[in-house]
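Understanding the architecture of this molecule
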Amino acid sequence: MIEKILENVINQMSPHLGQEQLEHLNNVLYMNFHGKEVKEESTELIPSGLEGDEAKIRMFVASKKAVNRQNNTLKQYTREIYNMLNFLGKRLEDITGMDLRYYYGIMREQRGIKMSTMQTRLHYLSSFWDFLITEELVHSNPVKKVGLLKLEKTIKKPYSAEEMEALRTGCGNIRDRALVEFLYSTGVRVSELVSLNVGDIEMGKQELIVYGKGSKERKTYLTDSAKFYLRRYLQTRAGEENLQSRPLFVTSDSPHERLSVAGIQYMLRNLGNRTEVKGVHPHRFRRTIATDLLGRGMPIEQVKEFLGHEKLDTTMLYCTIKTESVQASHKKYA
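Let me begin by describing the structure that accompanies this report. (Residues numbered from 1 in each chain as written. Predicted model: local features only at pLDDT ≥ 70, side-chain atom pairs only at ≥ 80, totals over all residues. Heavy atoms only, no water.)

Focus on the pattern of salt bridges
The full count for this structure, using the stated rule, is 18 salt bridges. For E240, the salt bridge identified is with R237, shortest N-O distance 2.7 Å. Here E240 and R237 have matching classes, each one buried. For K304, the salt bridge identified is with E305, shortest N-O distance 3.0 Å. Owing to a relative accessible area of 15%, K304 belongs among the buried residues under this scheme. E305 sits in the exposed class, given a relative accessible area of 51%. Residues joined by salt bridges that share partners form a network here, namely K56, R91, E93 and D94. (Salt bridge = Lys/Arg side-chain N within 4 Å of Asp/Glu carboxyl O. Buried < 20%, exposed > 50% of the residue type's maximum accessible area, 1.4 Å probe, protein only.)

A closer look at helix α6 (residues 115–134)
Given a rise of 1.5 Å per residue, 20 residues ought to cover 28 Å, and the 28 Å separating the end C-alpha atoms of α6 matches this to within 8%. For α6, the set of buried residues is M115, M118, R121, L122, Y124, L125, S126, S127, F128, W129, F131 and L132. Downstream of α6 by a residue or two, E136 has a phi angle that is positive, lying close to 60°. (Helix = DSSP H or I, 4+ residues; strand = E, 2+ residues; numbered from the N terminus. Expected span 1.5 Å × (residues − 1).)

A word on the packing of helix α9 (residues 174–186) against helix α11 (residues 224–235)
It is the contact of α9 with α11, at a shortest axis distance of 8 Å, that shows an interaxial angle of 145°. Here the hand of the crossing between α9 and α11 comes out left-handed. Taking contact as the criterion, the partners of I174, R175, R177, A178, E181, F182 and S185 in α9 are, on α11, S225, A226, Y229, L230, R232 and Y233. Taken together, the residues of the contact of α9 with α11 break down into 7 nonpolar, 2 polar and 4 charged. (Axes fitted to C-alpha atoms, helices over the stretch in contact; angles between N-to-C directions. Left-handed = near helix turned anticlockwise from the far one by under 90°. Contact = heavy atoms within 4.5 Å. Nonpolar A, V, L, I, M, F, W, Y, C, P; charged D, E, K, R; others polar.)

Thoughts on the environment of M267
Within the element layout of this structure, M267 appears in helix α12 (residues 261–275). For M267, a relative accessible area of 9% puts it in the buried group. Residues M267 and H281, 14 residues apart in the sequence, show an inter-C-alpha distance of 9.2 Å. When neighbours within four sequence positions are excluded, M267 is seen to be in contact with R175, D176 and L179.

Concerning the nonpolar core
Formed by 44 residues in total, the largest nonpolar core has its most connected members in F182, L193, L230, L248, F249, L268 and F285. Among the secondary structure elements, those contributing two or more residues to this core are α8 (161–170), α9, α10 (190–193), β2 (207–211), α11, α12, α13 (282–295) and α14 (300–307). Broken down by element, this core gets its largest block of residues, 6 residues, from α9. In this structure, F249 is in contact with R175, A178, L179, F182, L193, L230, Y233, R237, E257, R258 and L259, ignoring residues within four places of it in sequence. Core analysis: the next-biggest nonpolar cluster, separate from the first, contains 32 residues, M107, M118, F131 and V143 among them. (Core = buried A, V, L, I, M, F, W, Y, C linked by side-chain atoms within 4.5 Å.)

Observations regarding the packing of aromatic side chains
Under the defined criterion, the tally for this structure stands at 11 aromatic pairs. Residues F60 and F128 carry aromatic rings whose centres are separated by 5.1 Å and whose planes lie at 70° to one another, so their mutual orientation is edge-to-face. With F60 in helix α3 (residues 51–66) and F128 in helix α6, this residue pair connects regions lying 68 residues apart in the sequence. Plain terms: the ring middles of Y233 and F249 are 5.4 Å apart, the flat faces sit at 10° to each other, and that makes the pair stacked. Taken together, the residues span a long stretch of sequence, with Y233 in helix α11 and F249 in the loop between α11 and α12 at a distance of 16 residues. Of the residues examined, F249 reaches a relative accessible area of 4% and is grouped as buried. Cluster of aromatic residues (ring-pair linked, three or more members): F60, Y77, Y124, F128, W129 and F131. The positively charged end of R168 is found above the aromatic ring belonging to Y184, 5.4 Å away from the centroid. (Phe/Tyr/Trp six-rings, centres within 6.5 Å; stacked < 30°, edge-to-face > 60°. Lys NZ or Arg CZ within 6 Å of the ring centre and 35° of its normal.)

Printed below as a string of structure tokens:
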């Protein structure tokens, strides 16, 4: 009953409040009314370490491993599940939509977690509960009620042409320039990049096979510029033994080990600071090439295949339609 009342309040206030104000109202209501029905429910935190829940989590992780989910991804899933259980101090079958809205409100209002981060964390929980429903371990997914909230979607911008040029010219060595060109040309995820070896590149055909999420393989390609700088970079490593089986990108310092995700992020962050380009990170190159390909006329279905997305909706979130492209199309078709 109390949940129905709170939803009515939010619906009635929606026409009078902006998105940010509405979200704040929603969080405050659920934070203050959580645990209150006929009498106040205890919100004292207790350890969640129940053997039944532990077994369910292990089963969930095993199911994800069966479809080749990466270990890092599985750690993120389990971390969020345990965070939620420890915070609420309840068994899985006792957790309600009200509980998760309370959890959501505290994370946002008191701990300052960004909306995009919270969306990801709620996705992890929803996937977990969907598994429990499939296995008939619970009867409903309480995350679905949180999903009814209107979460604001922010458009993440690709690099502009000026920013790309600044990054290219700001590279301090041939490895960094080859890395920037490679990220833009291929649109690979940084996790895919760090697993590549020199022998994975077919330089003559200017193409390579990468293994994405769920170990799904796809073909991607090198631009002439990416090929040029990658070849020059590999020439500086010509003295390495068994070069073809060596990592594609290695650290600058001896013993020249495989460049890690954190290493690439650190290098790009420094590059952004030097060139005064804000928000420089590996995934933004992927977003940029997707947007550029779409702007040059590649059908979005082909962009989807290039990026290795399962759903077209995901690709559409990556691609930013540039204002000048809309104006040019208007002149062409109007």
